[in-house]
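Letter by letter, the chains look like this.
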Amino acid sequence: MTDVELRQLRYFVAVAEELNFGRAADRLLIAGPSLSQQIKALERDLGVRLFDRDRRSVALTPAGAALLPHTRALLERADDLRRRAGRLAGSEAVRLGYVNWLPADLTSRTAGVAQVHVDAWVAPSHTQAARVADGSLDLAVCWVRHADLKRHGLRARLLGADRLYALSTGTDTGDVRARDTTVLLDDDTNSWSSWNDYAEQLAHDTGAQSVPISDGGITGPAFFDHVRRSRRPVVNSPKGQTTSLPSDLVRREIAGPSVHWTWSLVWRGSETRTAVLAAVDALCEGVGDLGLRAPDAWLPEGDPHR
């Protein structure tokens, strides 16, 4: 077995599929006599006859038929190994931008397929999507709609999702209906364009109250002050999902419907580089629907994962 080569195994598969040495030789771009010699050498090394052949026909022997599926599987594994090695050896750096969330296991997911470098400039979703489109980034984790993808020539796959909740004063921690919440709209559209679009659609679809603000209070201490002044629970933005709550405020789940925000991994629709496409597959494989298919789940119109 030490003398068996992958090349000979590929020859075996080609002859087994064609059942004709001439056609197999043409397919493999080698001379017919050379192919015949290689098959004989393989049979000698394996210690079994793979084909019954005469001047008019070629047929697999029982041993050949039994070995064929195992040979195909071995060649597939060899091809996969070669692809992975090629990605590691020759891939360019893949530049990835984000807004405020990345998968905790990003490095381990991509370590075997690409050299992913996370860009230090944390920017809003619409900015990161535009940077992918103009080539400043290769990938971005951001919130997008179908219209954004079409305008920038991008593609998207689901990478993550947040179920948004509301904050309120008092001690009631029970669920609150979306129509009984308040959602803030910031006049700083350079920073909050995506959130404003999302919030306006949430108010339109659910009856939530939209309130314009001009103090940057979508997150941070100013947001908590808005909650304290509001008579209704206030919807928390994705940027505030992991912020510690002041002791005088409580978290309330939003129900009827449950409100979700999606994180897409976006890349250029014209992208052909193996490292970039491999990183997309590695990051998005096995993500699932993240609760977005639940009967009461809400996503805004135009969300690519709706």
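This one's a predicted model, so the numbers in the text were calculated from it and none came from an experiment.

> Before we go on, may I ask you to explain the pairing of strand S7 (residues 165-169) in this structure?
Taken residue by residue, a regular strand's side chains alternate between the two faces of the sheet. Where burial is concerned, most of S7 is hidden: 4 out of the 5 residues are buried. Strand direction decides the pairing type here: S7 and strand S12 (residues 249-255), joined by 5 bridges, are antiparallel. Within S12, the position partnered with Ala166 by the bridge is Arg252. As judged from the 2 bridges shared by S7 and strand S11 (residues 234-235), these two strands associate in the antiparallel manner. In the strand pairing of S11, Leu167 is matched with Val234.

> Is there a simple way to think about helix H9 (residues 220-229) in this case?
Listing the buried residues of H9 in full gives Phe223, Phe224, His226 and Val227. Buried positions in H9, seen along its axis, are confined to an arc of 155 degrees and lie on one side of it. Exposed residues on H9 whose side chains face more than 90 degrees from its buried face are Pro221 and Arg229. Tucked into the core, H9 has its buried residues touching S7, strand S9 (182-186), strand S10 (209-213), S11 and S12.

> In this structure, what is going on with the side chain of Thr71? I would like to understand it.
Mapped onto the elements, Thr71 comes out in helix H4 (residues 62-90). Filtering out sequence-adjacent residues up to four positions away, Thr71 remains in contact with Leu9, Phe12 and Val13.

> Would you explain the pattern of salt bridges in this entry?
Oppositely charged side chains are able to pair whenever their charged atoms sit close together. Enumeration over the complete set of coordinates arrives at 24 salt bridges. Note that Arg273 and Glu271 form a salt bridge whose closest N and O atoms lie 2.9 Å from each other. Relative accessible area serves as the criterion here: at 24%, Arg273 is assigned to the partly exposed category. Linked through salt bridges whose partners overlap, the residues forming this network are Glu17, Glu18, Arg23, Arg27 and Arg72.

Analysis parameters
- Sequence order as written defines residue numbering, which begins from 1 separately in each chain.
- Only residues with pLDDT of at least 70 are given local features in this predicted model, and only at 80 or more are side-chain atom pairs given and counted; all residues enter the totals for whole chains, interfaces and linings.
- The side-chain values count all of the structure's non-hydrogen atoms but skip hydrogen atoms and water molecules.
- Each residue is assigned to one of three classes by its accessible area relative to the maximum for its type, calculated with a 1.4 Å probe on protein chains only: buried under 20%, partly exposed between the two thresholds, exposed over 50%.
- For helices the rule is a DSSP run of H or I covering at least 4 residues; for strands it is a run of E covering at least 2, with both sets numbered from the N terminus onward.
- Any two strands are treated as partners once DSSP identifies two or more bridges connecting them.
- As used here, the arc is the angular range of directions from the helix axis to the C-beta atoms.
- The contact criterion used is simple: two residues touch if any of their non-hydrogen atoms lie within 4.5 Å.
- We define a salt bridge as a contact between a side-chain nitrogen of Lys or Arg and a carboxyl oxygen of Asp or Glu at a distance within 4 Å.

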